[in-house]
Amino acid sequence: MRICLLSFSIILSFYLLSQDRNTFRVMCYNVENYFDCIDDSLTRDEEFLPGGMRGWNYSRYVQKQYNIARVIVSADSWEPPEIIGLCEVESHKCLFDLIKGPLKNLHYRFSHFESPDARGVDVALLYQPESFKPFHEEPFTITFPDAPHSKTRDILYVAGIVRATGDTLHIFVCHFPSRLGGELETEGKRMHVAQVLKSKVDEIFTSQSDANILIMGDFNDYPDNKSMMQVLQAISPKIDSFDSKQLFNLMLPLHKQGMGTHKHDGEWGALDQFIISGSLLKKDNRLFTRLSDVHIHKPEFLLEDDTKYLGQKPFRTYVGFKYHGGYSDHLPVYVDFNINTYGR
């Protein structure tokens, strides 16, 4: 472990000495059950307590932190993102231990609210304060009209200033309800959360038609499912003229090419997505991106051989209830926004 920590420190030091790029990088990552080892009496976290059925313990908790950190710093050119949306994080403690432990040299801060999710897994946002300055942070709690006692993760909303350009960036981090119980049987819940999200986005557009909006997360639906296409109305960015008030799904073209972040029954699909407002696709904007700037991060250490369906699959932390020692059942995605100091 000492050699591993030393190597990790050298990598971070190299990054700090060599960082020099004219882009603003955002990553999104479902980290798969990042639980601490403390009992939360308000949630069902018993599986991930020492002595619990999953065999979770402090050593595995620390290893999970270093696994997450390795993913964050290993993006293209080993340049860690300015902003990271995380899914399946249990607590403030998990985030504090991550940024003060293996990521301490990168000076991340975080935004996180405890959500009513039954298992206690939430979404969170890591950010580097020298690059992004939040001025508003708020959770949007979901209530299902036809199932008021059903609980799910909040939508996290963070608005802040991108320091390189002075522009406001509106960020939503989401983790839509799972497909457990059947895709069609649970589809209505995801469509309802998408409607809540759409209404919040429309409120921003009402006050600022050219707002810079970034939505990211694990949607438990693919880019061409109803919640994305019909409710959120996030379309594929195929044209050169972009309506500022239109939402565009940057992962839709990759999904149609058979690429993805999660593998189910031998098929890859893009459950983890970036959705942006049209303003962020305009090259005269001070902050803009292109389809070529969107990436599924898949270094070899995040993958293992798929002996059942052939090819490769994500190297998971758990397979069922058995500890597997990997990273996550999802691959991370990241997008680079170009900084145009001469833009509008």
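Just so it is clear, the structure is predicted and the values come from calculations on it, not from any experiment.

Moving on to the packing of aromatic side chains. Enumeration over the complete set of coordinates arrives at 15 aromatic pairs. Relative to Tyr318, the ring of Phe48 has its centre 5.6 Å away and its plane inclined at 85°; by these criteria the two rings are edge-to-face. Residue Phe48 is located in the loop between strand E1 (23-34) and helix H2 (58-73), and its partner Tyr318 is located in strand E18 (residues 318-319); the two are separated by 270 residues in the primary sequence. Each member of the pair, Phe48 together with Tyr318, is buried. These aromatic residues form a ring-pair network of at least three members: Phe35, Phe48, Trp56, Tyr318 and Tyr323. Its guanidinium or amino end placed over the ring of Tyr323, Arg60 lies 3.8 Å from that ring's centre, counting from NZ or CZ.

This next bit is on the sheet that holds strand E10 (residues 247-249). Strand order in this open sheet of 7 strands is E5-E6-E7-E8-E13-E10-E9, and the pairing throughout is mixed. The two strands at the open ends of the sheet, each matched to only one other strand, are strand E5 (132-140) and strand E9 (234-235). In this sheet, strand E13 (residues 272-277) lies alongside strand E8 (residues 212-218) in antiparallel orientation, the contact comprising 5 bridges. Bridge pairing in E13 links Asp218 to Asp272. Along the sheet, helix H4 (residues 183-207) contacts E5, strand E6 (155-162), strand E7 (167-175), E8, E10 and E13; its crossing angle with E7, the most-contacted strand, is approximately 175°.

For a regular strand, side chains alternate in direction, first toward one face of the sheet and then toward the other. Counting buried residues in E7 gives 8 out of 9 residues, a clear majority hidden from the surface. Note: E6 against E7, 7 bridges, orientation antiparallel. For Val158, the partnering residue across the bridge sits in E7 and is Ile171. In sequence, E6 turns back onto E7 through a hairpin of 4 residues, with Gly166 there showing a positive phi of about 85°. Note: E7 against E8, 7 bridges, orientation parallel. What sits directly across from Phe172, in E8, is Ile215. In terms of handedness, the path from E7 via H4 over to E8 forms a crossover that is right-handed.

Attention now goes to the confidence of the model for the chain. The share of residues in the chain with pLDDT of 70 or more is 93%, and the mean pLDDT across the chain is 92. In the model, residues 13-18 has pLDDT below 50 throughout and makes 7 contacts with residues more than four positions away in sequence or in other chains.

To continue, consider unusual backbone geometry. In the Ramachandran plot, Glu88 falls in the positive-phi region, its phi being about 70° despite a non-glycine side chain. Relative to the helices and strands, Glu88 is located in strand E2 (residues 83-89). Positive phi outside glycine occurs at Asp265, with the angle close to 50°.

Should their charged atoms come close, side chains of opposite charge can pair. With the rule as written, the count across this model stands at 13 salt bridges. Here Arg25 and Asp336 are joined by a salt bridge, their closest N and O atoms 2.7 Å apart. On the criterion of sequence distance, the pair formed by Arg25 in strand E1 and Asp336 in strand E20 (residues 333-339) is long-range, its members being 311 residues apart. Just as Arg25 is buried, Asp336 falls in that class too. By sharing partners, the salt bridges in this structure join Arg179, Glu183, Arg190 and Asp221 into a single network.

Rules of the game
- Residues numbered from 1 in each chain as written.
- Predicted model: local features only at pLDDT ≥ 70, side-chain atom pairs only at ≥ 80, totals over all residues.
- Heavy atoms only, no water.
- Phe/Tyr/Trp six-rings, centres within 6.5 Å; stacked < 30°, edge-to-face > 60°.
- Helix = DSSP H or I, 4+ residues; strand = E, 2+ residues; numbered from the N terminus.
- Buried < 20%, exposed > 50% of the residue type's maximum accessible area, 1.4 Å probe, protein only.
- Lys NZ or Arg CZ within 6 Å of the ring centre and 35° of its normal.
- Pairing = 2+ DSSP bridges.
- Contact = heavy atoms within 4.5 Å.
- Axes fitted to C-alpha atoms, helices over the stretch in contact; angles between N-to-C directions.
- Right-handed = clockwise from strand over helix to strand, strands pointing away.
- pLDDT = per-residue confidence, 0-100.
- Salt bridge = Lys/Arg side-chain N within 4 Å of Asp/Glu carboxyl O.

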